[in-house]
Each structure stands twice: as structure tokens, then as C-alpha cells.
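Structural overview for review
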Amino acid sequence: MSRELILQAVISGLLMGLIYALVAVGLTLIFGLMEIVNFAHGEFLMLAMFTAFWFWALGGLDPMLSLPFVAILLALAGILAHFGIIRRLLKAPMLAQVCGTFGLGVALRAGAQFLWTPDFRTIANPLIAGRVQIGPIFIGQPQLITGGICLLSFAALWWFVTRTETGLGLQATAQDRQAAAVMGIPTERMFALGWAIGLGCVGIAGTMLSTFYYIFPDVGTNFALLAFVAVALGGFGSILGSLLAGVSIGVVESLGGLLVDPSYKTLIVFGLYLAVVIFRPQGLFGRF
Amino acid sequence: MDMLEKARAERLWPRPPLWVSALGAAALALLIGYPFIFTTSFSHHLMILILLYALMAQSWNVVAGLSGQISLGQAIFFGIGAYSSTVLFAKYGITPWAGLMVGMLLSALAAVAIGVPTLRLRGHYFAIATLLIGSSVQIVFQRWDWVGAASGLYVPIERTSPLFYLQFHTSKVPYYYLALGAAAAGYLVVWKLRRSRLGFRLQALRDEPDAAASLGIAIARHKVLAFMISAAMMSVAGTFYAQYVLVLDPERLFSTEISIIVLLMTVVGGSGTLWGPALGAAILVPLSEYSRIWFGGTGRTIDLILYGILILFVCMWRPSGILSLLAERIRRRTGIP
């Protein structure tokens, strides 16, 4: 096993991990705010990919150009989901919360399969394609730009949450709902904002993913599983944690595929989850 | 133990007025006579599926409804049950009846192996862990050559002694009674369990884990025990299902879909109640089968769309399930608490 090959695997794992991280950060944000795990998260990713696909197939708009539209549409879907569904579920016991979001996911996935068939689709001739060579390493251009955009989104999110008044309100709501409400923070609006940001991130991740990945109704399932792992690894509610965890998962998965056996690479990541939740249930990194 | 005595004295349903008892007796008679009242093969098939799913949903109910842990990996035990009997029969010619027992044992052992480390986790952590373990087990079985890897196994056709080989090729009626027997046994076990010391401890640690622990209930051990019972029940359904369809497909047997469907049925019917899972199966199985007939094609998944929306609505508006709605009705009409 040459050093170049390993380096290659690490870098492609790193880039894939940034997508996992961006999917996971939405999940972690929503959980941090209202202690609800969105089991339909993968399906929203799938919807984002299909939205980008249809922008391209029907409107001829490249994913790079439709990116803001998809992100905004998904954010709106998040607000809709919050006011239409989640607000009611919050009052129900945890079992109903898990099953409710799960049911939403099942319906979305089956709906997508009904409307668009289970076929795999790809976006042909995207604006960015090909690969760049850095020394002995080849990197796909879409992956590289995707990684960059994911990092930018994280930076923006970090700035928003820690440096703006609204972001601080978001943090306050996550820490103590009642106290925040007493301080005059509109917690209900913060919840909706959390869903908008969370699914907006999913919109960005899905659009970028659609430039180099297959698009099909079941695509979200695996990403959601990995996002769950990332959230648990990073600690529920931690933004920086989910970035580090997502990237670690990408690298572990890619290296595992190279060193052990590609068909078992997901197993290695799942094993990692079990090890972490059993020995360090609060995750590897703290909250926020 | 005053509560325990009182609970033991409690009847299968709260002391019913005459018309409710009559209805119950009629339902029982209907269940026993069903294959002779509805004679089409499809009506037999429908009821076999309802009974098997009622058993599977009840198995989920034991973990989630009684001990309060949401398992998203029940398909593991369904698959183990199916594989145990089929591997033993196909490779060694051992009767599926023995395979049934082996499957229950292996499932219970698997439940210990999975439960001991993970049942200490609360809430979402356990749910996600079982979801991941479920997918992992599927990946392993899809690549395990000895059990046929991704193409699965066939149950060898054997026409000499149907009862011994547990396969009936001329009629579905024997399968119906087997499924009825399995479901009845399962429900009897859970009915007993709910009124037993173990059942009470489980419900206590579901509702107030800290208080239960302070009373000296070994939380982890009790939860593992509930998980084992649940796994064994699921395994029985798996064995009967394998003998019914005669084909083992790891893609289907270990699918997350099965784990999810048993959860949906229980929650729709009413989790934590004895008859909720059966009610859920009786609603959702026909919904799935008829939507397939009306809209055609298994790939179109209308049934799953309806499932998803139904469960979402139940969770939003009636988190305690449809059964609680009926119970409330009866209570209001009869004035019995």
C-alpha cells in the first residue's frame, strides 16, 4: 500500500466528510434547540437533490446556479415542517416524536418513489467537472468545490450563531427555553429559525452532492445514518463537534474501505458509533 | 404486593358489559371459523399476514411499550428466525419445528449481545444504535456465502409429511391456523407478562427510571430480559414467514422496512396496550394489500405513503393510538373506568 494511495483516500474521505458534516449540523442544531431528532433528515436531503435535479432537467439551471434557490426552498420547507408538524409533536411523548418524524420520512421517501420511480439519475455535463492534480493526488473538481462550499457554510453558520444577536438568542433558547422566553427571546420563532437553518444546510449539501452523486429516492437513508453517527460522535447540539465528527467519519470510511474491504466500510463507521455511545455517551466534543 | 394481587385478579379486559363479552366471543368464533367463512385464497393470505404482523408488532411492543426503549432493529430477529429454520432444514434436513426453537434461542442470545451494551443508552441513542446494528446485520448476511449471500436461500420443497416439514402446498388453511396459534401464544405470553412481577417492574422503570432504580430494580437486567422475550417472539414470526413464502431474501428479511412497519403498527394501534398492536396490524395490512390491488405494482409504494401519513397524523393528534380512542368511547358509553 503506497503512501500516495493512503493520502488519496484520506483526502477524498475528508471531502466526503464535509458533506456528512453539513447534513449532520442541521440535525444537531434542531436537536440542540428542541431535543427532537429529525428522523426525516435523510429524506429532506433527497428532496434537495431532486429539487436541484429538476431545476437542471426542466429549467436547464446548473446546480451551481440553483444552489441559492434550493437552499431557500429547503429552508421554507423547514419552517413549514415546524409550524405544520413539529410544533404539535413537541407536546407529545418521545415515542410519538420519533415515530412522527419517522412517518414523515417514510411518506416523503415513498412519495418520491411514486412520483419519480426508484431509478438512479445523474446530472449530465455539470458546470464543474473533471479533476485537478496536486502532486501525485487526483481530486475531483466537484468534490473540491463542494468541500469549499461546505466549509464556507460552516464559517457562516459559526459567525451567525456566535456573533449576531439572533444567533445568541438561538444559543440561549437551546440552553434554557424558559429562561430565554423570560428574557424576551421569541423562542417559537427561534425553533422555526433552527429548522430553516438546519434544512437550509441540507439544501446546500444536497445540491452540491447532486453534481457528482446518484439521485434516487433512497439516497438519503445512508447519509442520514452517517449523520446520526456524526451527531452522536460530535455530541448532540454541538456545531463544531459535528464538523469534526463528520470529517472523521469521512476519513474513517474511506480508509476503512481501502485497508479492510469496501463492502464493510459502513460497518466500521457504525462500530465507531457504538464504541462512542457506550464509552463516551456525551460525544467526543461538548455542546456548541 | 397489593397492587400485584389486584392486577392478577384483573381480567383480560376490564369487566365488560354483556354486549362487549358477546362481541368478544363472536370475534373469537370468527377467528376460528374464518377460513371456512371466507374461502378465497386471498382472504386466507390477508389474514395470515395480519396474524403474523400482529405477533411481530406485539414483539416490538414488549420492548417499547413495556420497557420504553425504541428498537429500530427488530428485523434482525425476524431474519434470524427465518434463517435458523431454513439453514437447518436445507443443509441438515432438520425439521423446521426444531429450527423454530433454535431460532428463538439464537434470537434471545443475539438480544443479549445487542442489549447488554446498548440498553443502558436512553432514548434516541438506543434507537439509532439498533438502527445501525440492523443495517450492519443485513450487510453481513448479504455477504455471507454459507447462507447464500445476497441471493438468499430457498426452502427445499418436501411433500411427504406436511406437518413435520411445516409446508403445505395445497391449501393456505393450515398456515392460517399456525399463524393463529403463534399469534395467540404470543399474546397470551404478553398478557401474562403484563400482570407478572417482571411486567410491573418494566412498566415502573419505563415511566420513572430513577424512582424504579432507587427501589432496587436492576434496570439493565430487566430491559435485557424484555428484549430477549421480544426477540424470541419476532423469531417465531420469522420462521413461520420463511415456511410460508419458502424464499429467503436478506434484502427483505433484514430490511429496515420490517423494523419500521412493526413500530408503525404498534403506535397506530396504541403502544403499551395489549390489543393495540393487533389493531394496528388489522388496519395497516389490509391498507397495504388493497392499495396494491387498487393502484397496482409493488414499486409504486402507495401503501407506504399512506402508512407514513397515517402514523404522522396519529402521532400529532392521538399519540396514545387509535385503541385509546375506542377505549374512551366504550368507557363513556358504559361508565366503566
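Analysis parameters
- Residues numbered from 1 in each chain as written.
- Chains lettered and ligands numbered in written order.
- Predicted model: local features only at pLDDT ≥ 70, side-chain atom pairs only at ≥ 80, totals over all residues.
- Helix = DSSP H or I, 4+ residues; strand = E, 2+ residues; numbered from the N terminus.
- Rg over C-alpha atoms; globule rule 2.2 N^0.38 Å.
- Buried ≥ 20, exposed ≤ 12 C-beta atoms within 10 Å, placed from the backbone.
- Core = buried A, V, L, I, M, F, W, Y, C linked by C-beta atoms within 7 Å.
- Contact = placed C-beta atoms within 7 Å.
- Axes fitted to C-alpha atoms, helices over the stretch in contact; angles between N-to-C directions.
- Parallel < 35°, antiparallel > 145°, perpendicular 65-115°, else oblique.
- Left-handed = near helix turned anticlockwise from the far one by under 90°.
- Nonpolar A, V, L, I, M, F, W, Y, C, P; charged D, E, K, R; others polar.
- pLDDT = per-residue confidence, 0-100.
- Expected span 1.5 Å × (residues − 1).

What chain B contains, in helices and strands, is 16 helices and two strands. On C-alpha atoms alone, chain B measures out to a radius of gyration of 20 Å, which is about the 20 Å that the 2.2 N^0.38 rule sets for 337 residues. If one aligns the C-alpha atoms of chain B with their principal axes, the spans along those axes are about 55 × 50 × 40 Å. A buried classification covers 46% of the 337 residues belonging to chain B.

Attention shifts here to the nonpolar core. All names here are of chain A. In this structure, Ala205, Ala227, Val229, Ala230 and Tyr273 are the most contacted members of the largest nonpolar core, which totals 195 residues. Here this core takes 17 residues from helix α1 (residues 3–34), the largest share from any one element. Those residues within four positions of Ala227 in sequence are excluded, and the remaining contacts are Tyr20, Val23, Ala24, Leu27 and His41.

The next thing to look at is the packing of helix α11 (residues 265–279) of chain A against helix α6 (residues 124–143) of chain B. Axes are the key here: two packed helices are described by the angle between their axes and the distance separating the axes. One way to put it is that α11(A) packs onto α6(B) with a least axis distance of 10 Å and a crossing angle of 150°. It follows that α11(A) is roughly antiparallel to α6(B) by the angle criterion. Here the hand of the crossing between α11(A) and α6(B) comes out left-handed. Here Thr266(A), Leu267(A), Phe270(A), Tyr273(A), Leu274(A) and Val277(A) of α11(A) come into contact with α6(B), specifically with Tyr125(B), Ala129(B), Leu132(B), Ser136(B) and Ile139(B).

Taken together, the contact pairs 34 residues of chain A with 35 residues of chain B. For the side of chain A that touches chain B, the secondary structure elements donating two or more residues are α3 (63–89), α4 (94–116), α9 (219–234) and α11 of chain A. Considering each element in turn, the side of chain A that touches chain B owes the most residues, 15 residues, to α4(A). Its residues placed into classes, the side of chain A that touches chain B shows 27 nonpolar, six polar and one charged.

Residue and element names in this part refer to chain A. Two elements in contact, helix α2 (residues 41–59) and α3, have axes whose closest approach is 9 Å; the angle formed by their N-to-C orientations is 140°. As the angle between them shows, α2 and α3 are arranged oblique. When you trace α2 past α3, the crossing you get is right-handed. Across the interface between the two elements, Phe44, Ala48, Thr51, Ala52, Phe55 and Trp56 of α2 pack against Pro63, Ser66, Phe69, Val70, Leu73, Leu74 and Ala77 of α3.

Once that is clear, we can look at the confidence of the model for chain A. Confidence in the prediction for chain A averages 87 pLDDT; 98% of positions are at 70 or higher. Here strand β1 (residues 131–134) of chain A is the element of chain A with the lowest mean pLDDT, 80, and α2(A) is the one with the highest, 93.

Before going further, it helps to spend a moment on helix α8 (residues 173–194) of chain B. Here α8(B) is 22 residues long and its end C-alpha atoms lie 31 Å apart, about the 32 Å a rise of 1.5 Å per residue gives. Looking at the buried positions of α8(B), the neighbouring elements they touch are α2 (18–37), α3 (41–67), α9 (197–207) and α11 (219–245) of chain B.

Attention now goes to α2(A). Residue and element names in this part refer to chain A. An ideal rise of 1.5 Å per residue puts 27 Å on 19 residues; α2 measures up with 26 Å between its terminal C-alpha atoms. A large share of α2 lies buried, amounting to 15 of its 19 residues. Directly after α2, the chain includes Gly60, whose backbone phi takes a positive value near 70°.

Right, let's get into the environment of Cys99(A). On the secondary structure map, Cys99(A) appears in helix α4. Distance in space between the C-alpha atoms of Cys99(A) and Asn38(A) is 10.0 Å, their sequence separation being 61 residues. Those residues in contact with Cys99(A) that sit more than four places away from it in its chain are Leu263(B), Val267(B), Ile311(B) and Cys315(B).

The residue Leu193(B) is located in helix α8 in this model. In contact with Leu193(B), other than residues within four places in its own chain, are Leu198(B), Gly199(B) and Ile229(B).

We now examine unusual backbone geometry. Even without glycine at this site, Thr117(A) takes up a positive phi of about 60°. You can see Thr117(A) is positioned in the loop between α4 and β1. Here Thr117(A) falls in the partly exposed class, since 13 other C-beta atoms lie within 10 Å of it. The phi angle at Leu246(B) is positive, at roughly 65°, despite the residue not being glycine. Relative to the assigned elements, Leu246(B) resides in the loop between α11 and β2 (247–248). The exposure class assigned to Leu246(B) is partly exposed, which follows from the 14 C-beta atoms found within 10 Å.

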